[in-house]
Amino acid sequence: MGESVKASSLSLGQYIRDPRNRSRILIVEETGTQVFARGLTKDTSKFHVFLSNDSFVERVTNPTGEDRA
């Protein structure tokens, strides 16, 4: 489960749901004028997003073992 937060409130290492594919979990790798997040698992690491600080995303506090694989 997660909560909707503004991208500007995210910090490095936090987890979010991919806005384009809700089943995919991403990890925040860079913050600043934009937020950059990449897929968490080996299979999804090729997926990434750049988010504006004004956009809203779903922050995930406890990704399950399946999400982390």
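This text gives an overview of the structure that appears in the document. These numbers come from a predicted model, not from an experiment.

## A word on the sheet that holds strand 5 (residues 48-52)
Consideration 1: Reading across from one edge, 1-6-2-3-4-5 is the order of the six strands in this open sheet, with antiparallel pairing throughout. Each having just a single partner strand, strand 1 (2-6) and strand 5 make up the two edges of the open sheet. Pairwise comparison of adjacent strand axes, ignoring direction, gives a mean angle of 45° for this sheet.
Consideration 2: Of the strand pairs in this sheet, strand 3 (residues 21-30) and strand 4 (residues 34-39) are connected by four bridges, and their pairing is antiparallel. Across the sheet, residue Val28 finds its bridge partner in strand 4, namely Ala37.

## Considering the pairing of strand 2 (residues 15-18)
Consideration 1: Relative to strand 3, strand 2 is paired through four bridges, and the arrangement is antiparallel. What sits directly across from Ile16, in strand 3, is Leu26.

## Here we look at the environment of Arg22
Consideration 1: Relative to the assigned elements, Arg22 resides in strand 3.
Consideration 2: On the basis of relative accessibility, which here comes to 52%, the residue Arg22 falls in the exposed class.
Consideration 3: Sequence separation between Arg22 and Glu58 is 36 residues, and the spatial gap between their C-alpha atoms is 9.1 Å.
Consideration 4: Dropping the residues within four chain positions of it, Arg22 is found in contact with Arg17 and Glu58.

Here is what the cut-offs are and how they apply
- Residues numbered from 1 in each chain as written.
- Predicted model: local features only at pLDDT ≥ 70, side-chain atom pairs only at ≥ 80, totals over all residues.
- Heavy atoms only, no water.
- Pairing = 2+ DSSP bridges.
- Helix = DSSP H or I, 4+ residues; strand = E, 2+ residues; numbered from the N terminus.
- Axes fitted to C-alpha atoms, helices over the stretch in contact; angles between N-to-C directions.
- Buried < 20%, exposed > 50% of the residue type's maximum accessible area, 1.4 Å probe, protein only.
- Contact = heavy atoms within 4.5 Å.

It is worth stressing that arrangement in space is one thing and function is another; only the former is reported here.
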